[in-house]
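Commentary on secondary and tertiary structure
Spelled out from the first residue to the last, the chains are:
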Amino acid sequence: MMIATPETWYQTKALNDGITWIYEPFIKDYYRCNIWHVRGRDRDLLIDSGMGVVSLREQVAQLSERPILAVASHTHFDHIGTHHEFADRAVHPAEADVLARPTRKNTGADYYVADDSIFTALPPGDWQAPQYEVRPAPAQTLLEEGNTVGTGDRNFQVFHLPGHSDGSIALYERATETLFSGDVVYDGELAYDADNADEMRQYVTSMKRLLDLPVRVVHGGHYPSFGQDRMQSIARAFLAQYDR
Ligand SMILES: [Zn+2]
Ligand SMILES: [Zn+2]
């Protein structure tokens, strides 16, 4: 398989509202995490940070220009791989221990990174799938339901939406009706353990909350962004199957 260069590992696309979409083009789409950079007046937000196989700060210049809070929507390996490169980090308390002490097991890497088949070009350097690990990145800030995260001029409400994982959070900016939803809802095959009754009950409750939320755009943890109609149809399809 071709080996990628560090310079081509990330691609960026500026969207509206001071938001930049960053992604890793050589990771296949089910595994490829969306990284969101939100410009603020006093500081910026980074929501998720990719798999961590190439330095994000070194390759994406706009991430080293200003103070930045790196938020973890949750702590699966594909979302927290470069959190250690940012001094200020935030996560839900239910997954704080994973961010501080990540293992291949507790980040899901054992389950998903069995071999090189998740890539279309291999990471540069001495990449070897069995040696892949996420670096520890303990958070100074814990984000719970009802908290807000600010940038000086923008405010995001924290929603705790467990189901995909215990500490899954979404960030919601009411002024622009923008939702960063992590892996709770995105426009692709959702990941959950249908045999785990407790988790599925939580996921049902989380989906019900999203049904009534006014949104203009949802930026999910994977796949392209979408609007309110699509969010509601994804949530309704899930609830039709699992809300008993
Ligand atoms: Zn996940
Ligand atoms: Zn994910």
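This structure is a prediction, so every number in the text was calculated from the model and none was measured.

Here we come to the coordination of the zinc ion (ligand 2). At this site the zinc ion (ligand 2) is bound by Asp-78 (OD), His-79 (NE2), Asp-183 (OD) and His-222 (NE2), with donor distances of 2.0 to 2.7 Å. Classification of the site at the zinc ion (ligand 2) as irregular follows from its four donor atoms and the range of 85 to 163 degrees in their angles at the metal. Between consecutive donors of the zinc ion (ligand 2), the numbers of intervening residues give the motif D-H-x103-D-x38-H. Between the zinc ion (ligand 2) and the zinc ion (ligand 1), a separation of 3.3 Å is found, and both are coordinated by Asp-183. Its relative accessible area of 8% is what places Asp-78 among the buried residues. Accessibility expressed as a relative area gives 0% for His-79, which makes it buried.

For helix α6 (residues 197–211), which comprises 15 residues, the first-to-last C-alpha distance of 21 Å matches the rise-based estimate of 21 Å (1.5 Å per residue) to within 8%. Residues Met-200, Tyr-203, Val-204, Ser-206, Met-207, Leu-210 and Leu-211 constitute the buried set of α6. Around the axis of α6, the buried residues are gathered within 165 degrees of arc, so they sit on the same side. Looking at α6, the residues exposed on the side facing more than 90 degrees away from the buried face are Asp-198 and Arg-201. Contacts made by the buried residues of α6 are with β11 (178–182) and α7 (228–242). Its side-chain oxygen 3.2 Å from the backbone nitrogen of Asp-198, Asn-196 forms the N-cap of α6.

Reading across the sheet, the seven strands line up as β1-β2-β3-β4-β5-β6-β7 and stay open at both edges, with mixed pairing between neighbours. What marks the edges here is a single partner per strand, and that holds for β1 (11–14) and β7 (141–142). Sheet topology note: the β1/strand β2 (residues 19–23) ladder contains four bridges and is antiparallel. Of the residues in β2, the one forming a bridge with Thr-12 is Ile-22.

The rules we used
What you see as residue numbers is a count from 1 along each chain, following the sequence as written. Labels follow written order: the first chain is A, the first ligand is 1, and so on. Local features in this predicted model are restricted to residues of pLDDT 70 or higher, and side-chain atom pairs are both shown and tallied only at a pLDDT of 80 or more, whereas totals for entire chains, interfaces and linings draw on every residue. Hydrogen atoms and water are omitted, and side-chain values are computed over all heavy atoms in the structure. Counted as coordinating are nitrogen, oxygen and sulfur atoms within 2.8 Å of the metal, or 3.2 Å for Na, K and Ca, while water is not included, which may make sites look incomplete. Geometry is assigned from donor-metal-donor angles: four donors are tetrahedral when every angle falls between 85 and 135 degrees, four are square planar and six octahedral when opposite donors sit over 155 degrees apart with all other angles between 65 and 115, and any other arrangement is irregular. Burial classification: accessible surface area is computed with a 1.4 Å probe over protein chains only, and a residue below 20% of its type maximum counts as buried, one above 50% as exposed, and the rest as partly exposed. Secondary structure follows DSSP: runs of H or I at least 4 residues long count as helices, runs of E at least 2 residues long count as strands, and numbering of each begins at the N terminus. Given a helix with a known number of residues, its expected span is that number minus one, times 1.5 Å. Think of it as the arc spanned by the lines of direction from the helix axis to the C-beta atoms. We call two residues in contact when some of their heavy atoms are within 4.5 Å. Any pair of N or O atoms that falls within 3.5 Å is considered a polar contact. Within protein, one atom must be able to donate a hydrogen and the other to accept it, and sequence-neighbouring residues count only if both atoms are side-chain atoms. Here the rule is simple: two strands pair whenever DSSP picks up at least two bridges between them.

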